[in-house]
Amino acid sequence: MGELKPGKKNENTVESKASAGKIYRIAGPVVVAKGINAKMYDVVKVGREQLMGEVIEMEGDKTIVQVYEDTEGIKPNERVETTGQSLSVFLGPGLLTSIYDGIQRPLPVLAEKMGNFIERGVSAPGLDETKKWDFAATAKAGDKVSGGSVIGTVEETEGLEHKVMVPPKMSGKIKEISSGKFTVNDVVAVLEDGSELKLAHHWPIRVPRPVNKKLLPNIPLITGQRILDTFFPLAKGGTAAIPGPFGAGKTVTQQSLAKWCDADIIVYIGCGERGNEMTEVLSEFPELKDPKTGNPLMNRTVLIANTSNMPVAAREASIYTGITIAEYYRDMGYDVALMADSTSRWAEAMREISSRLEEMPGEEGYPAYLSTKLAAFYERAGRVKTLGVEEPGSVSVIGAVSPPGGDFSEPVTQNTLRVTKSFWALDAKLAQRRHFPSINWINSYSLYLDKLNDWFSSNVASDWAEYVEKSMRILQEEEKLLEIVQLVGSDSLPDEQQLTLEVARMLREFFLQQNAFHEVDTYCTPQKSYALLKTIHQFSSLAESALERGMKIKDILLLKSKNKVANVKFEADYEKILKEIESEMQKEFEGLR
Amino acid sequence: MKEYKTISKIAGPLVYVEKTEPVGYGELVKVTLSDGSVKRGQVLDTSEEIVVVQIFEGTSEIDKDSRVTFLGETIKLAVSDDMLGRILSGSGQPLDNGPEIVPEKRVDINGAAINPFMRDSPADFIQTGISTIDEMNTLVRGQKLPIFSGSGLPHNEIALQIARQAKVVGQEGDFAVVFAAMGITNEEAQYFINDFEQTGALENAVVFLNLADDPAVERLITPRMALTAAEYLAYEKDMHVLVILTDLTNYCESLREIGAAREEVPGRRGYPGYMYTDLANIYERAGMIKGKKGSVTQIPILTMVGDDITHPIPDLTGYITEGQITLSRELHMKNIYPPVDVLPSLSRLMNSGIGPGKTREDHKQVSDQLYAFYAEGRDLRGLVAIVGKEALSQRDQNLLEFADAFEDKFVRQDKNEDRSIEDTLAIAWKLLSDVPRDELTRIKDEFKDKYYIKQKEDNKIEEGKKGSKTGEEKDNSTEEAKEGEQRAEESA
């Protein structure tokens, strides 16, 4: 299996390229080998136990390898062998519903082979090689195909069509092709030059998969989270960063997005995070239903779990493994959302390896190439015209950032902000008050807001943007007023400002707060968001005109109907209730004197 | 086994040995001094030319004539049932004049990561008898919930109280405590041991002691020893193990010391860049495994340097652990024990451990309401200092009073007071009932009907208790609660 071209021919060349050398030095996950003839980023097998590693630097006759497994007990002089191929993922049917470690070893298979704990020196193919898939050919003999062309389909999970594609950089005329039951390693088609096509192929994780061209992101990724969809939307193919101190709700937000966003495929990377959290995802996702299709959410999900105590080098790789899988589904014309929790752990893995290499450190000990690597990773997101499929596909990337001490000025947050377009700032203060999602509406922003207005006005309501802008203005106004209230108390403010405070409170409590654990409130359509906003603003304009008529703010604040809006978010059948509330509101205001 | 006399350099806790046969990374090392005494160490870096050894007991007295032997294996702990009731040194040697431990087997102390796929979700509510923890920051089996403390705060008392009182109601399985002291004073250690002895807990405890005057490097292996013992007891002897690690701040200081001695590139505040991974290797060893009866629950204690929660030690810890219990100097000064500040405290696994069938159906909403009111009440204290109490609205005054009562009645409890979750909820409802019913916006009407106490009276706790017994006999006790309310109305 060469890096780019699959097929038997290449497997032979791998053998001939492989060469072996000896370990010279071991320091943690970094092993220095001598006398080996390897290329950069080649996968090597280290020591008697054949631990998996990757070449990351070469200096004179020394080859520096980062090892994906624990190196304890390994001795100098043990054998190091290169496989001649770069670290790659095995792409084909069977990825969905899987749970992998950072280097695409299926965790259930590892558990079978080595029990409850992750021992070392065990390899496992990324896809089940025995399972037979029902392949339905769509191309026929004589068809001209090139990289990315679809030659047939497999129903990977219920209702999800996996398109079998010609690997990029391969092309020719199909000589023979057949439908039927095949494993991922069976040949389903042969090209005229003799190259064989299978259901699956390998792709190196550090190389972005080629596309026809990149498109502008102008369709929103509907997340079902009110604050995000209305105020800080993300486009399909866009990038977002969620920074926040610990306990502010990064993981809950990421998981809510993974559950409810309207992507076709979800890739969830637990990168250097808690084991128990991954367990939660694992036990919850198969139970939950996709709001669009009604199938279990797990059917559209690939999980990558490299918890904080698993080897640090595999953590570094996990992000690339994830994005390569995401790109693969994008190439089929699907909208993919990738959640990386957390990119800070990934950056720390780079820092750890860099310091073992004794590289000159940049800011806070991070390697100088941190910003390049971060930018290159986020640049793999995007909405694209694929090589072989009519519909555009997209990869949206949502990266959690865990800034030390909640300080957003640290290098990982800053470098991430330079490349991501949506910024969802989590706020520990809000979390402490149990205001969830604890996304700070003053500090957050989305550069997609204007680009997506067209979509919202034609798909939700023509005055969508107006309401969004009005609400934001009130919330910002509140921020300013609260400073004054801190000094003089709210009673001494003029009536209009007291009204602003009340409307802002309604926006915060009735609209922005959303309960991720409530069966209805966990997901909110943009239509419902709009209806809620509209009712709140109706109160606002009724109250304004009442004030003009000389009514007292005190009496307005005592009106009962407005507080009924509080529970509407928990109702599935919200339209009727809102209508009732609005007419009650109307009556109450008419009754004021 | 070969002995080498080729020490070329000694620096801090590190010894550099030249011209050896191939030596394994992480291998255990024995250094024999010229007077015959023996020190032990571990290989940190190995190559054909030079091997770097970190000495656990410190390098004093080592000279270039000392003989170095590489033992060919990594550090292992001898484990067996006999460990229970024993006091061991930070590197696993008996300190209590008892017999050597007859090993059932020897286990690598670094452990291996639990396969995330094989983890079982922690969901068993542990009742600690401390209201602020049980009601608002619930501990569950298999969780790692650290105590963020400061110097001079009563974290040790709280840890001991948890160790004494922690139980899963209705399931009294085999319970054990593993206690690891890292760099604490002899006095503190004695305090723990005496308490274990008095309460009889020592029989079911394994104690590892690395005291303040023990070598710093040994501190790096103490928690790993303790967790290895804990995993053995949990996963092979089906015990529910509570691991108390104190004080992680000392552990991290040692980590920094070694890092500096190795001339590594330092990260934030001089702590090594790999401190996150290193701490994760300790904390992540809490959990439950599918198909195993036992569990490992961790309560690490750390003192925040200068009470600063953004310092790298509490910061990195908070990112790994499933929440934190934060102690407050302000409450401590007010003479409130336990001085748990609930606002910056958190238990991430709370939702899976509470609710109907586990605690009570109103648990979550009561907790949210307490949080919301207390946060607001605390903010108002600042405002009162500026504008005076008179300028506040009635609602604000209520909340201000609520915040005071909350600290006095709910947070404060006796060192030996073991409150059941029902007691705790009763106190909570008593406090909430001083606020007008309509303002409890976080609580469903259904629960308010059941538990809200209409009038202020002295016997309210009693009634609250009645209302809370509903777990078994729902209908009856609801009626009882209603009757109680009626009585209250009548007497008013």
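Every chain is numbered independently, its residues counted from 1 as its sequence is written. Throughout, the order in which chains and ligands are written sets their labels, letters from A for the former and numbers from 1 for the latter. With the structure being a predicted model, the display of local features is reserved for residues of pLDDT at least 70 and the display and counting of side-chain atom pairs for 80 or more, all residues being used for whole-chain, interface and lining totals. Hydrogens and waters are ignored; side-chain quantities use all the structure's heavy atoms.

Undergrad: Help me understand unusual backbone geometry, please; the structure alone is not making it clear to me.
TA: Phi is mostly negative for residues that are not glycine, and the peptide bonds are mostly trans. In this model, Asp341 of chain A is joined to Ser342 of chain A through a cis peptide bond whose omega is 10 degrees. Here a helix means four or more residues in a row that DSSP labels H or I, a strand means two or more in a row labelled E, and each is numbered from the N terminus. Position of Ser342 of chain A relative to the elements: it lies in the loop between β22 (335–341) and α7 (343–356). Cis geometry is adopted by the peptide bond preceding Asp247 of chain B, which originates at Thr246 of chain B and carries an omega value of 5 degrees. You can see Asp247 of chain B is positioned in the loop between β16 (240–246) and α6 (248–261). Positive phi, close to 55 degrees, is recorded for Gln104 of chain A, a residue that is not glycine. With respect to the helices, strands and loops of the structure, Gln104 of chain A is situated in the loop between β8 (99–100) and α2 (107–114). For every residue, the accessible area (1.4 Å probe, protein chains only) is compared with the maximum for its type, and the residue is labelled buried under 20%, exposed over 50%, or partly exposed between those bounds. Taking relative accessible area as the criterion, Gln104 of chain A reaches 4% and is therefore assigned buried.

Undergrad: Mind showing me how you'd approach empty space enclosed by the protein here?
TA: Using a probe with the size of a water molecule, rolled over the atoms, empty space left in the structure can be pinpointed. Put simply, the grid is 1 Å and covers the protein atoms alone, a cavity is a trapped set of points that fit a 1.4 Å probe, a pocket is an open set with protein on both sides within 12 Å along at least five of seven lines, and lining residues have an atom within 4 Å of a point. Grid points are joined across faces, edges and corners, and a volume is the space filled by probe spheres set on the points. By the definition in use, this model includes 7 cavities of 30 Å³ or more. Estimates place the volume of the largest cavity at around 170 Å³. Looking at the largest cavity, it is lined by 18 residues, and the ones nearest its centre are Glu348, Arg351 and Pro404 of chain A together with Arg268 and Leu316 of chain B. The element that contributes the greatest number of residues to the lining of the largest cavity is helix α8 (residues 312–320) of chain B, accounting for 4 residues. Amino acid classes used here: Ala, Val, Leu, Ile, Met, Phe, Trp, Tyr, Cys and Pro are nonpolar; Asp, Glu, Lys and Arg are charged; the rest, including Gly, are polar. Taken together, the residues of the lining of the largest cavity break down into 9 nonpolar, 3 polar and 6 charged.

Undergrad: Explain the environment of Asp423 of chain B to me, please; I cannot follow it from the model alone.
TA: Residues and elements named next belong to chain B. Structurally, Asp423 is set in helix α13 (residues 421–432). Note on Asp423: relative accessible area 24%, which makes it partly exposed. Along the chain, Asp423 and Arg378 lie 45 residues apart, while their C-alpha atoms are 25 Å from each other.

Undergrad: How do you make sense of the domain arrangement of chain A when you look at a structure like this?
TA: Reports of interface size often rely on the accessible area that becomes lost once the parts have come together. Residues and elements named next belong to chain A. Delimitation of the domains relies on an automatic or database domain assignment. One can read the domain layout of chain A as domain 1 (10–86), domain 2 (133–201), domain 3 (213–449) and domain 4 (464–590). Distance between the C-alpha centres of domain 3 and domain 4: 32 Å. Between domain 3 and domain 4, the residue contacts involve 17 residues of the former and 23 residues of the latter. By definition, the buried area sums, over both parts, the 1.4 Å-probe accessible area that each loses when the two are put together. Together domain 3 and domain 4 conceal approximately 2,000 Å² of surface at their shared face, both sides included; 67% is due to carbon and sulfur atoms. Looking only at domain 3, the three residues that lose the most surface to domain 4 are Arg226, Phe231 and Trp441, adding up to 39% of its buried area. Throughout this description, the term salt bridge denotes a Lys or Arg side-chain nitrogen within 4 Å of a carboxyl oxygen of Asp or Glu. For the salt bridge of Asp521 with Arg226, the shortest nitrogen-to-oxygen distance reads 3.1 Å. Identification of polar contacts relies on pairs of N or O atoms within 3.5 Å, with a donor-acceptor requirement for protein atoms, meaning one able to donate a hydrogen and the other able to accept it, and with residues adjacent in sequence counted only if both atoms are side-chain atoms. Our count for the domain 3 to domain 4 interface comes out at 10 residue pairs in polar contact (both at pLDDT 80 or more). At the level of secondary structure, the elements contributing two or more residues to the side of domain 3 that touches domain 4 comprise α3 (226–230) and α4 (250–260). Considering each element in turn, the side of domain 3 that touches domain 4 owes the most residues, 4 residues, to α3. Residues belonging to the side of domain 3 that touches domain 4 are distributed by class as follows: 10 nonpolar, 5 polar and 2 charged. We call two residues in contact when some of their heavy atoms are within 4.5 Å.

Undergrad: Even after reading the chapter, I still don't get the interface of chain B and chain A, so can you show me in this structure?
TA: Between chain B and chain A, the contact holds 71 residues from the first and 68 residues from the second. Taken over both partners, the interface formed by chain B and chain A buries close to 5,900 Å², and the fraction arising from carbon and sulfur atoms is 53%. Of all residues in chain B, the largest losses of buried area upon contact with chain A belong to Tyr25, Pro116 and Tyr319 of chain B, amounting jointly to 14% of the total for that side. Applying the counting rule to chain B against chain A returns 3 salt bridges. We note a salt bridge from Glu277 of chain A to Arg348 of chain B, for which the minimum N-O separation is 4.0 Å. The interface formed by chain B and chain A holds 28 residue pairs in polar contact (both at pLDDT 80 or more) in total. The element contributing the most residues to the side of chain B that touches chain A is helix α11 (residues 363–387) of chain B, with 7 residues. Looking at the side of chain B that touches chain A, its residues break down into 32 nonpolar, 20 polar and 19 charged. If DSSP finds at least two bridges between two strands, the strands pair. Sheet analysis places strand β1 (residues 20–27) of chain A next to strand β5 (residues 38–47) of chain B, joined by 2 bridges and oriented antiparallel.

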